[in-house]
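Notes for the structure review
Below are the chains, spelled out letter by letter.
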Amino acid sequence: MARTPSPPRAWQRMLSGRRLDLLDPSPLDVEIEDIAHGLARVARWNGQTRGAHSFSVAQHSLLVEAIASHLNPGWSDGWRLMALLHDAPEYVIGDMISPFKVVMGDAYKSVELRLLTAIHLRFSLPATTPAILKKKTKEADTIAAFFEATRLAGFSREEALTYFGRPKALPADVLAWLDPLETEAAQAHFLARCAALSGLPAPAELTASGGPG
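The paragraphs below set out a description of the structure included in this document. (Residues numbered from 1 in each chain as written. Predicted model: local features only at pLDDT ≥ 70, side-chain atom pairs only at ≥ 80, totals over all residues. Heavy atoms only, no water.)

**Section: the nonpolar core**
Ile-35, Tyr-91, Phe-123 and Phe-190 are the most contacted members of the largest nonpolar core, which has 53 residues in total. Only helix H1 (32-39), helix H2 (57-71), helix H3 (77-84), helix H4 (90-93), helix H6 (106-122), helix H7 (131-151), helix H9 (172-175) and helix H10 (183-198) provide two or more residues apiece to this core. No other element matches H2, which puts 8 residues into this core. (Core = buried A, V, L, I, M, F, W, Y, C linked by side-chain atoms within 4.5 Å. Buried < 20%, exposed > 50% of the residue type's maximum accessible area, 1.4 Å probe, protein only. Helix = DSSP H or I, 4+ residues; strand = E, 2+ residues; numbered from the N terminus.)

So this is what it looks like as C-alpha cells:
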C-alpha cells in the first residue's frame, strides 16, 4: 500500500532554536535576536547598491524609524517600535522588490500580515497597526526609498521623483543611516534600538541611543 505523502514543510528553523510556522506563526516563536540576525543579512534593492557592504533591511528599518521619529516627535516608544518593525517579516520571507510583490499579489500579503501580527503580539504591540501610524510610516518609508535610490541604487533624481515623489528635508544625523554598515554592526544597532524602545536588554557593545558611526 502506498504511503500517504507528508504535507510540505511550512516552517523554518531559526538560529535561536525556534520553529516558526509560516502558515500559523506563534508569537512565542518570535525572538528579536532572530529578527535582527535575519534583517541584517537581507539586502535592500536585491543587493544592487553602491558601497563595500550591502544596505540591509535592518539598516533601512533604522532609517525609516529615524525619519518617522523626526517627522512625528510626539510618538510614543510603542509607535516608534512599530515603525522600526514595519519590515520585520522579511527576516523570514526576504525583501521582495515592489514589482515582484505586484506579481505575487495577495498570497505574499497574507503571509506577511500573519507574520507581522505575530511579531507585534510578541512585543505587546497592537495586532493591527493603527491606520494613522501605517500612513505615517509609509510616508517615512517612501522618503527613505528616495534617498536610498539616489544615493545607493543608481537612480537619477528625476527618476526617483517620478517613483517616490519629492522628499522632505532631513537632518544630517538621520541621513547618516544611509552609509552602509557591516552586517554585525547593522544587527547590533537594530538590537540596540529595539532595546531602547521596548525595554529589552541592550547589546553590551552598543548603547541603546547610539547611532551610526
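**Digging into the side chain of Asp-87**
Along the chain, Asp-87 falls in the loop between H3 and H4. Buried charge Asp-87 goes without a salt bridge, the closest partner of opposite sign being Arg-44 at 4.5 Å. A distance of 3.4 Å separates the side chain of Asp-87 from the side chain of His-60, its partner in a polar contact. Not counting chain neighbours up to four residues away, the residues in contact with Asp-87 comprise Leu-39, Arg-44, Val-57, His-60 and Ser-61. (Lys, Arg positive; Asp, Glu negative; His and termini not counted. Salt bridge = Lys/Arg side-chain N within 4 Å of Asp/Glu carboxyl O. Polar contact = N/O pair within 3.5 Å; in protein donor to acceptor, adjacent residues only side chain to side chain. Contact = heavy atoms within 4.5 Å.)

**A word on unusual backbone geometry**
Phi is positive for Trp-45, close to 60 degrees, though the residue is something other than glycine. Note on Trp-45: relative accessible area 18%, which makes it buried. In the Ramachandran plot, Ser-124 falls in the positive-phi region, its phi being about 55 degrees despite a non-glycine side chain. Within the secondary structure layout, Ser-124 lies in the loop between H6 and H7. Its relative accessible area of 70% is what places Ser-124 among the exposed residues.

**Side note on H2**
Between its terminal C-alpha atoms H2 stretches 21 Å, which fits the 21 Å expected from 15 residues at 1.5 Å a residue. Counting buried positions over the 15 residues of H2 gives 13, a clear majority of the element. (Expected span 1.5 Å × (residues − 1).)

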